[in-house]
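Structural features, examined
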Amino acid sequence: MSSSKAKMWEKKMRHQPTSVQYSSTPNGGDAPVSGTYLWWSMCRLCADCVQTVCRLCAGGAFARARAAEVSAMLKAVNRTTGKCHVFGSLPKHMRRRAMSHNTKRLPLRLRDRANRMSLKAGSKKEPAKNKSRKARRRHGNMLLEFNRRQRKNVWLETHIWHAKRFIMVKKWGYCLGHRPTNKCYRPCYRAMNSHCLLQDHSYYCCIELQGEESTLLASLSRLTSKEAGPTFAAAMTLSGQRQGSVVVYRAGQYPLQPLGPVTFLWRPQIQGSTIRQLWIWAHPTIKKDLLPELQTVCECCEAVVPSINLMGTPAEVVPTTECEQKPNETPEAKQITGTKRKKTCKDATGPPTKKIIGDGTRSPTTPITWKSSSTGVIINDLTMEMVRFRLIGPQSLTVLSETLETAGVHKSKPSSLWWSEQCKDESKRSLHQEQSDIYRLLKGIHLTGELPPGTVLGLTVEDPRLTLPTKKVVALPHVKQSEEKSRELMLKGVPKHCCQSYLWERSVRDNVTENKISEQELNRRRSEMLVPGSRLTPTPPQSRIPILLVHQPGKQVGCEMMSWGAGWDLLLPKGWGMAFWVPLVYRGVRIGGLNMSLKHSQIKGVPHFPHDYPDCPSGVAFQEEQEAELLKTFKRRPPAKRTNYIKHGCLAPFRCPWQQLAEEWEPIRWNRERRKTVRSKQRQSVTSFSLHDLLNCHEWISAAFMLSRNRKSLRLLSGWCRPTTSKGQRPCRVGDQPPLNHSAVMSFLTAHRMSLVWVRLSTLSKGKPEPHAMVCVPTAEDLQLLNKGPGSSGPQEPPHGDHFKSRIKHKKKGLRKAATSSLSEMSHLSASEPKPSSSKEPDPSQSSSDLTFGLWPDPLPRVTSHCCRLTLGWATQGDFSLSVGCGEALGFVCVAGLLKTLSNQPMEHRGMLLLRNPTSLHYRFVKLTIEV
Amino acid sequence: MWKGVGLQAKINREKQEMDPVEYTLRKRLPRKLPKRRNDVYVNMKTDFRAQLARCQKLLESGGHREICVHGLGLAINRAINIALQLQASSQGMLQLAANTSTVELVDDLEPEDPDEAGEPMTRTRNNSAIHIKVFYPDPQ
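Residues numbered from 1 in each chain as written. Chains lettered and ligands numbered in written order. Predicted model: local features only at pLDDT ≥ 70, side-chain atom pairs only at ≥ 80, totals over all residues. Heavy atoms only, no water.

The name given to chain B in an unreviewed UniProt entry is Ribonuclease P protein subunit p20, with the source organism recorded as Labrus bergylta. A UniProt comment under Sequence similarities (unreviewed entry) is attached to chain B, and it reads "Belongs to the histone-like Alba family." (UniProt positions renumbered as here; feature names shortened; annotations may be inferred.)

Per an unreviewed UniProt entry, chain A is named POP1 homolog, ribonuclease P/MRP subunit, and its organism is Labrus bergylta. Quoted straight from UniProt, the Subcellular location (unreviewed entry) entry for chain A says "Nucleus".

**A closer look at the environment of Glu 797 of chain A**
Residue and element names in this part refer to chain A. Relative to the helices and strands, Glu 797 is located in the loop between helix H26 (780-788) and helix H27 (803-820). On a C-alpha basis, the gap between Glu 797 and Cys 867 in space is 7.3 Å, while along the polypeptide they are 70 residues apart. Aside from chain neighbours lying at most four places away, what touches Glu 797 is Cys 867, Cys 868, Arg 869, Arg 916, Leu 921 and Tyr 923. At 2.6 Å, the side chain of Glu 797 and the side chain of His 800 are in polar contact. In this structure the side chain of Glu 797 is engaged in a polar contact, spanning 3.3 Å, whose partner is the backbone nitrogen of Cys 868. (Helix = DSSP H or I, 4+ residues; strand = E, 2+ residues; numbered from the N terminus. Contact = heavy atoms within 4.5 Å. Polar contact = N/O pair within 3.5 Å; in protein donor to acceptor, adjacent residues only side chain to side chain.)

**Concerning the packing of aromatic side chains**
Aromatic ring pairs are defined here through the distance separating the ring centres and the angle between the ring planes. Residues and elements named next belong to chain A. Tallying each qualifying case throughout the model produces 20 aromatic pairs over all chains. An angle of 75 degrees between the planes, with centres 5.5 Å apart, marks the rings of Trp 658 and Trp 874 as edge-to-face. One end of the pair, Trp 658, is in helix H22 (residues 658-684); the other, Trp 874, is in strand S22 (residues 871-881), with 216 residues separating them in the sequence. Clustering of aromatic rings is evident, with ring pairs tying together Trp 172, Tyr 174, Tyr 203 and Tyr 204. (Phe/Tyr/Trp six-rings, centres within 6.5 Å; stacked < 30°, edge-to-face > 60°.)

**Considering the confidence of the model for chain A**
All names here are of chain A. Of the residues in chain A, 76% have a pLDDT of 70 or more, and the chain-wide mean is 76. Across chain A, the secondary-structure element scoring lowest on mean pLDDT is helix H29 (residues 834-837), at 37, and the one scoring highest is strand S4 (residues 197-200), at 93. Per-residue pLDDT stays below 50 along residues 22-36; that stretch engages in eight contacts with residues further than four places along the chain or on separate chains. In this model, residues 725-734 is a region of pLDDT below 50 whose contacts with residues beyond four sequence positions or in other chains number 10 contacts. (pLDDT = per-residue confidence, 0-100.)

**Description of the sheet that holds strand S11 (residues 378-381) of chain A**
All names here are of chain A. Spatial strand order, S6-S7-S8-S5-S11-S10-S9: seven strands in an open sheet with antiparallel pairing. What marks the edges here is a single partner per strand, and that holds for strand S6 (244-249) and strand S9 (302-304). The sheet shows a mean angle of 30 degrees between the axes of neighbouring strands, direction not considered. Sitting on the sheet, helix H10 (residues 213-220) is in contact with strand S5 (205-212), strand S7 (258-266) and strand S8 (275-282), with an inclination near 125 degrees to S5. (Pairing = 2+ DSSP bridges. Axes fitted to C-alpha atoms, helices over the stretch in contact; angles between N-to-C directions.)

**So, empty space enclosed by the protein**
Residue and element names in this part refer to chain A. According to the stated counting rule, one finds 15 cavities of 30 Å³ or more in the structure shown. What lines the largest cavity is a set of 16 residues, and nearest its centre among them are His 162, Gly 177, Asp 200, Gly 592 and Gly 593. Those elements that provide at least two residues to the lining of the largest cavity are helix H8 (159-165), strand S3 (174-180), S4 and helix H20 (594-604). It is S3 that provides the largest number of residues to the lining of the largest cavity, a total of three residues. Residues of the lining of the largest cavity, tallied by class, amount to six nonpolar, nine polar and one charged. (1 Å grid on protein atoms, 1.4 Å probe; cavity = no way out; pocket = protein on both sides within 12 Å on 5 of 7 lines; lining within 4 Å. Points joined across faces, edges and corners; volume = space filled by probe spheres on them. Nonpolar A, V, L, I, M, F, W, Y, C, P; charged D, E, K, R; others polar.)

**What to know about the pattern of salt bridges**
Throughout the structure, instances matching the rule amount to 29 salt bridges over all chains. In this structure, Glu 293 of chain A engages Arg 250 of chain A in a salt bridge whose closest nitrogen and oxygen atoms are separated by 3.2 Å. On the criterion of sequence distance, the pair formed by Glu 293 of chain A in helix H12 (residues 284-297) and Arg 250 of chain A in the loop between S6 and S7 is long-range, its members being 43 residues apart. Judged by its relative accessible area of 11%, Glu 293 of chain A is buried. Across the pair Asp 107 of chain B and Arg 123 of chain B runs a salt bridge, and its minimum N-O distance is 3.0 Å. Here Asp 107 of chain B, found in strand S4 (residues 95-111), pairs with Arg 123 of chain B, found in strand S5 (residues 121-135); they are 16 residues apart in sequence, far enough to count as distant. Residue Arg 123 of chain B is classed as partly exposed on the basis of its relative accessible area of 22%. A single salt-bridge network, built from bridges that share partners, covers Glu 521, Arg 524, Arg 525 and Glu 528 of chain A. (Salt bridge = Lys/Arg side-chain N within 4 Å of Asp/Glu carboxyl O. Buried < 20%, exposed > 50% of the residue type's maximum accessible area, 1.4 Å probe, protein only.)

**Some details on the pairing of S11 of chain A**
Residue and element names in this part refer to chain A. Judged from the four bridges that link them, S5 and S11 form a sheet pairing that is antiparallel. Across the sheet, residue Glu 208 finds its bridge partner in S11, namely Asn 380. In sequence, strand S10 (residues 369-371) turns back onto S11 through a hairpin of six residues, with Gly 376 there showing a positive phi of about 75 degrees.

**Overview of the domain arrangement of chain A**
Residues and elements named next belong to chain A. Domain annotation for chain A reports domain 1 (184-201 + 391-409 + 420-517 + 538-606), domain 2 (203-303 + 358-383) and domain 3 (635-671 + 704-724 + 739-799 + 853-929). Between domain 1 and domain 3, the C-alpha centre-to-centre distance is 41 Å. With 12 residues of domain 1 in contact, the opposing surface of domain 3 contributes nine residues. Here domain 1 packs against domain 3, burying approximately 920 Å² in sum over the two surfaces, 53% of which is carbon and sulfur. Between domain 1 and domain 3 we count one salt bridge in total. Across the salt bridge formed by Lys 599 and Asp 879, the nearest N and O atoms sit 3.2 Å from each other. On the surface where domain 1 and domain 3 come into contact, there are three residue pairs in polar contact (both at pLDDT 80 or more). Looking at the side of domain 1 that touches domain 3, the elements with two or more residues in it are helix H9 (185-194) and H20. Here the residues of the side of domain 1 that touches domain 3 are counted per class, giving six nonpolar, two polar and four charged. (Domains from an automatic or database assignment. Buried area = accessible area lost by both parts, 1.4 Å probe.)

**Some details on the packing of helix H15 (residues 426-443) of chain A against helix H16 (residues 484-492) of chain A**
All names here are of chain A. Where H15 contacts H16, the two axes come as close as 10 Å, and the packing angle between them is 95 degrees. One way to sum up the angle between H15 and H16 is to call them roughly perpendicular. Contacts from Ile 438, Leu 441 and Leu 442 in H15 reach Lys 485, Ser 486 and Leu 489 in H16. Here the contact of H15 with H16 is composed, by residue class, of four nonpolar, one polar and one charged. (Parallel < 35°, antiparallel > 145°, perpendicular 65-115°, else oblique.)

**Brief notes about a positive patch on the surface**
Residues and elements named next belong to chain A. On the surface, a cluster of positive charge is made up of Arg 133, Arg 136, Arg 137, Lys 164, Arg 165, Arg 186, Arg 190, Lys 472 and Arg 590. For Arg 165, the position within the fold is in helix H8. For Arg 165, a relative accessible area of 34% corresponds to the partly exposed category. (Patch = residues over 30% accessible without salt bridge, like charges linked within 9 Å, V, L, I, M, F, W, Y side chains within 5 Å. Areas by Shrake-Rupley, 256 points an atom, 1.4 Å probe, with all protein chains shown as cover. Lys, Arg positive; Asp, Glu negative; His and termini not counted. Charge placed at Lys NZ, Arg CZ, Asp CG, Glu CD.)

**A few points about the nonpolar core**
Residues and elements named next belong to chain A. Ranked by size, the top nonpolar core spans 67 residues in total, and within it Leu 717, Val 757, Leu 761, Leu 898, Leu 899 and Ile 930 carry the most contacts. When sequence neighbours within four positions are dropped, the list of residues in contact with Leu 717 reads Phe 748, Val 757, Val 895, Leu 898, Leu 899 and Ile 930. One finds Trp 161, Phe 166, Leu 265 and Leu 382 within the second-largest nonpolar core, a separate group that totals 59 residues. (Core = buried A, V, L, I, M, F, W, Y, C linked by side-chain atoms within 4.5 Å.)

**Thoughts on the confidence of the model for chain B**
All names here are of chain B. Here chain B averages 78 in pLDDT, and 77% of its residues register 70 or above. Confidence scores differ between elements of chain B, with helix H1 (residues 4-9) showing the lowest mean pLDDT of 39 and helix H4 (residues 75-89) the highest of 92. Contacts for the low-pLDDT stretch residues 1-20, under 50 throughout, to residues beyond four places or in other chains number 41 contacts. Model confidence for the complex: the whole-complex pTM is 0.74, and ipTM, which rates the interface, is 0.78.

Here you go:
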């Protein structure tokens, strides 16, 4: 009680002037005159001190001091204490709950003041209130908001469609759909297998090169090598009839420093022109490395700064030369059309209320064109200039043919639209006729895999929105019996001139994008029709779109499930994405996200970018990201509930230390060699390699590992891996391949130092491989197990001890002790204690700062010989394969280790390896195949 | 369902023996016609018993009066085997009617060194196929 009283007293005294002391001046409230009088009488009484008092206090000053006191006192009485609410002036027993919200709970005399105060407080909050939902949902405002939100990560044109149905991830500067929110893993697989799966691949970047064919080829040949397969110069792709794919390296660096896989497409030669056009489609993470590389090999360093004066021109038909900046790129160039609000900005700097089509993240002055004065090559960055949809599955052609109709030729009056211009020319009309004939023939072909791989067809089609079915339907094939013509098409592919498309021309693309009929306008016209639901006639002249259809070959390697996952890519001018997307969806296709692309390449058995390119810069970055992410999820669990990877003998559960693996296999190989050399020297005194090579091996070890992409050597390896009897039935003919013997291995290894090779592993009986599973070498006893029967499971790894557990415990204890600062020697003890137990471990206590329970700390011991079976490599992907019906893993193994293993294995068990998941102690038998 | 073909034909190797370095052979899928529910395409990869069981299921519980068993190349033997097994297990209820045909298959020959060799070639070859109708004869 006393303390609360003291507090009250303090509160009251807070605003008192410091000079005021009630106790010392009890007469402070008196009139000044009487005060002086009193003082005066006192002075008379003690005459001896008169002199001093008169010096101290003059009458006026004294009066002023009293007046100040009085006014302070009045103020203190009138005012409530501090910033408190009015009810602060009420005694405690009169206060009620929620008085601050409801002023009616206050006594009447205070209500007025309370109202005033609440008004004052409320007025501050008012502007922070959001706009009403209605205002926010207004078209212009929404577009502004959308444009703001995609400043960092670009949206694809189908973004909003995807965002409603997919789990979106921000990757590579784009917002991409990762996987659908509904459960559809198996339906998506089934769609790929028997119907059609649709994906938006518009995030792939396109780089356009223009120039003389010979100069282009000469400069591009520095980026690739013939050894790794067809290059940019392959005859079939050069004519423009086929799409090609190639792995690009840094200029002149093959086989080191790869950048990644790209696909490319040449424009068919135009008569009377020597300038060729080439599109290179690359993953966005490759682009940032590829573009400078292209600029150096083509000597294109002159950046063409986009002209600013174009900004004011209305965006319509712009016959652009290549050096001009597209008006669409500049947001300022957007004409603000159809905005009803008054807000339409008068100054040009105001934000545009039009949707940004294309790449909105790029600033308008960033150069996208580079040209060379010496070679005349022009490089254009066409990122987000085109839309690319991928249809996977045997029925994708059926879906396409139901959705797209070839454009009708119209002979109406000339207009600014590109199609009517083209229709004037007789040759162009006949070309269009031929293309539509071929398209009609394609409809009769049942399977996508029946066509030559990589076929290209240029077309001009009508707006698919016009033929949109009212209900979702499932496209079914209409197969005609094979005719002579369709047979020829299947054999020879599309003739060269029919691969031409107007999509290659920038002016046409821009024209089509600009003149697109809006959805609203289309709906208005539909509503005006007499019979609801019938087709819009006559077809609006704007709706003719040039497209390119590019065949995607399916599985081409190996000898099983050939051409699985074949499909078509649909290339469109930008702005038309949704107009084609929705009609395709209405034909009963499934939509897949990024994870389905991964599955697609996994079933096809090809490396997926960037997951399976550990030697490319983007592959390395991906691995680091993945490790960080997995580590984060791992650490989120309480230590007692975590998998103890140390006990499982798994050194790196979240990454694959390829470099260390390759390095460790080198000495193993060379030690063996040295021994054998000595032995063979004794025997024959003739050796195929000198000791000089052995001395050089140290410098090889310092080199970086690389992936073997040389076709010939891969074919050789693949022959060696094959068991001589397949399923124990018939001997496999190896052909003219050299047999696997010592000299062959040696010559192979000298050519491929520190290299890894892409392999496919399928389990024999049980087991579902997981990513980062270890590929191990079986011992002779293990192979004996295999003889017992197909159902025999593999060997077990004895559990490892966790030396770090005690150290973590001690460290924790030591920390606690140190915190209480009671025993400092305890921490010394803990540091010194584990040393004898871990003397053979490479990790002393210096790295104990980042010890994580269950994970091996950073300087790893030897990865190859850590477990009881030697490690050959790791699986980068692994899952139960729905197409084969057993577990399948894809990964890399070390070539040196693989050859050593193979040469030690008996003929009937060639290519049998062991696979162990990071979370398991059980080895499973797998069959290794290298598919070329 | 013609998947079995890829395994057996082995023309791949023969071709490589002819011109070992210049060309890689890629076989395309055989032409496919739409499948009815009572069509069974026999391959060499699936287990024999499973394929037989599938045919039996179609005839007995599937409610089909007739099924068609197709086999191509090496799978002809197996198709005949399946049809005969079906007939034997039905105690003479089922009858067979076999037809043979020739299927044209397409191979792509990709030049190994694409820059010089020029055009990739396509080649057609023929393979035999059998179509066996297995049916319950109509009661007279």
